[in-house]
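Below, each chain spelled out in residue letters.
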Amino acid sequence: ISACLVGSEMCIRDRFYSGHQDDVNVKGPNNSTMMSFKDDNFHSLVRESIQNSLDAVDDKNQPVNVSFTLRQFDGMEYPSFFDLYKHIQGCLDKFPVQGEPLYRPMLRYFASSRLNQSINYLKITDSNTKGMEYDKKNDNSGFNRFIAEGVAQDAEGAGGAFGFGKNAFWSLSPISTVFVSSQAKNGEACFAGISKLCTHVVDGELLLPYGKYTSNGEVVLTKKEDIPETFTPKATGTSVFVLGIDSVDEDALIKAVLRNFWMAIYKKQLTVKVEQKVIDSDHLEDLMCHYFDEENPNLDKNYEYNPRVFYEIVRNAEKSVDG
């Protein structure tokens, strides 16, 4: 989104940038792909983020580690981040009726008083992964695939099919903004920040729905000194920052992890940490018993199934009990 973003501790000039939109390919506020991930209690976010990490495992003899933590940065460090407000207002100006349910709450988030407050975000970080490499000339490089729309991973055994699942990150963000940074095994780092809105009008100009954080004209930052300190990768792996999340339902996150990845945890392929709570093979049985009854009731949503019955079958079969 074309707004200047300047950190008080940074000596470079950063900004959000959005190009000009033509009158033909206008994108409205109704995004069926994004909306399909709304209100699913972190299910899609957990499934997408952890599957991405498992697809990029480095040492297969060790578990992949994924953590979910709520963090914040001082709004005064990046005051021009709040210029995103005028682009959200531009969405309402372009689509005053259709855009009201989606963009009015975003405007409330950007109340002027928040300039002196902190911006919360959910940080999702992995380790024992290869990270993502960025090649400006190769659309199939890992980092390019992540920030692109509808481009899936092509790695053998990758869990994604069409590349739309990553929209779960933006769908969960109250301001539809996600930052991502990664460090590959060769030590190279990359960073990008993307907002997904709709075609909008600012100062009489029709602008594209996608805005990207830039520095020195580059959409993807590849020099650590150009990346804001808060988002600089410290080791090999990937971090995704879902901006605007003020609170997290830890129990919902843990249940989503267990529903989607209990087998990987059971086989010691995965360890997950939700704030200070550890989900690994040593704690798996206690967590299954705590969060799920032995019964398997029919629930309203297909992702709310009870995984305990399947866990019990596998565990007993491997112990030759009721196999």
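Residues numbered from 1 in each chain as written. Predicted model: local features only at pLDDT ≥ 70, side-chain atom pairs only at ≥ 80, totals over all residues. Heavy atoms only, no water.

Right, let's get into the overall build of the protein chain. A count of helical and extended segments in the protein chain gives 9 helices and 12 strands. For the protein chain, the residues scored as buried account for 50% of the 323 residues in total. Taking contacts inside the protein chain between residues at least 6 apart in sequence as the whole, the part at least 24 apart equals 72%. (Helix = DSSP H or I, 4+ residues; strand = E, 2+ residues; numbered from the N terminus. Buried < 20%, exposed > 50% of the residue type's maximum accessible area, 1.4 Å probe, protein only. Contact = heavy atoms within 4.5 Å.)

Further remarks concern the pairing of strand E4 (residues 118-127). The sheet contact formed by strand E3 (residues 64-74) and E4 spans 10 bridges and is antiparallel. Within E4, the position partnered with Val66 by the bridge is Asp126. Note: E4 against strand E10 (residues 237-243), 5 bridges, orientation antiparallel. Bridge pairing in E10 places Thr125 opposite Ser239. (Pairing = 2+ DSSP bridges.)

Even without glycine at this site, Ser176 takes up a positive phi of about 50 degrees. Following the sequence through the fold, Ser176 ends up in the loop between helix H6 (167-172) and strand E5 (177-183). With a relative accessible area of 3%, Ser176 lands in the buried category. The phi dihedral of Asp203 is positive, around 55 degrees, even though this residue is not glycine. If you trace the backbone, Asp203 turns up in the loop between strand E7 (200-202) and strand E8 (205-207).

Another aspect to go through is the packing of aromatic side chains. Enumeration according to the criterion identifies 14 aromatic pairs in this entry. On the numbers, 5.5 Å between centres and 75 degrees between planes, the contact of Phe179 with Phe191 is edge-to-face. Of this pair, Phe179 sits in strand E5 while Phe191 is found in strand E6 (residues 189-196), placing the two residues 12 residues apart along the sequence. Given a relative accessible area of 0%, Phe191 falls into the buried group. Taken together, a centroid distance of 6.1 Å and an interplanar angle of 85 degrees make the contact between Trp262 and Tyr311 edge-to-face. (Phe/Tyr/Trp six-rings, centres within 6.5 Å; stacked < 30°, edge-to-face > 60°.)

Our next topic: helix H8 (residues 284-291). Those residues of H8 that fall on the buried side of the exposure criterion are Leu284, Leu287, Met288 and Tyr291. On an axial view of H8, the arc spanned by its buried residues comes to 100 degrees, and they lie on one face. Among the exposed residues of H8, those pointing more than 90 degrees away from its buried face are Asp286 and His290. (Arc of directions from axis to C-beta.)

On to the packing of helix H3 (residues 84-94) against helix H4 (residues 100-109). Remark: H3 packs on H4, axes separated minimally by 9 Å, with the N-to-C direction vectors making an angle of 155 degrees. The orientation of H3 with respect to H4, classified from their angle, is roughly antiparallel. Relative to H4, the crossing made by H3 is left-handed. Mapping the contact onto sequence places Tyr85, Ile88, Gln89, Cys91 and Leu92 in H3 and Glu100, Tyr103, Arg104, Met106 and Leu107 in H4. (Axes fitted to C-alpha atoms, helices over the stretch in contact; angles between N-to-C directions. Parallel < 35°, antiparallel > 145°, perpendicular 65-115°, else oblique. Left-handed = near helix turned anticlockwise from the far one by under 90°.)

This paragraph deals with the nonpolar core. Val46, Ile50, Phe68, Phe169, Leu270 and Ile279 are the most contacted members of the largest nonpolar core, which has 48 residues in total. If you tally residues by element for this core, the top one is helix H7 (residues 250-266), at 11 residues. With residues near it in sequence (within four places) discarded, Phe68 still touches Val46, Ser49, Ile50, Leu122, Lys123, Ile124, Leu253, Val272, Lys273, Val274 and Glu275. Phe73, Leu92, Leu107 and Phe191 belong to the second-largest nonpolar core, a separate cluster that totals 28 residues. (Core = buried A, V, L, I, M, F, W, Y, C linked by side-chain atoms within 4.5 Å.)

Turning our eyes to something else, we now look at the pairing of E5. Where burial is concerned, most of E5 is hidden: 7 out of the 7 residues are buried. With 7 bridges joining them, E5 and E6 adopt antiparallel strand pairing. Looking at E6, one finds that Phe179 is bridged to Gly193. Connecting E5 to the antiparallel partner E6 that follows it, the hairpin turn spans 5 residues, and Gly187 within it adopts a positive phi of roughly 90 degrees.

By themselves, these observations are geometric and do not establish any function.
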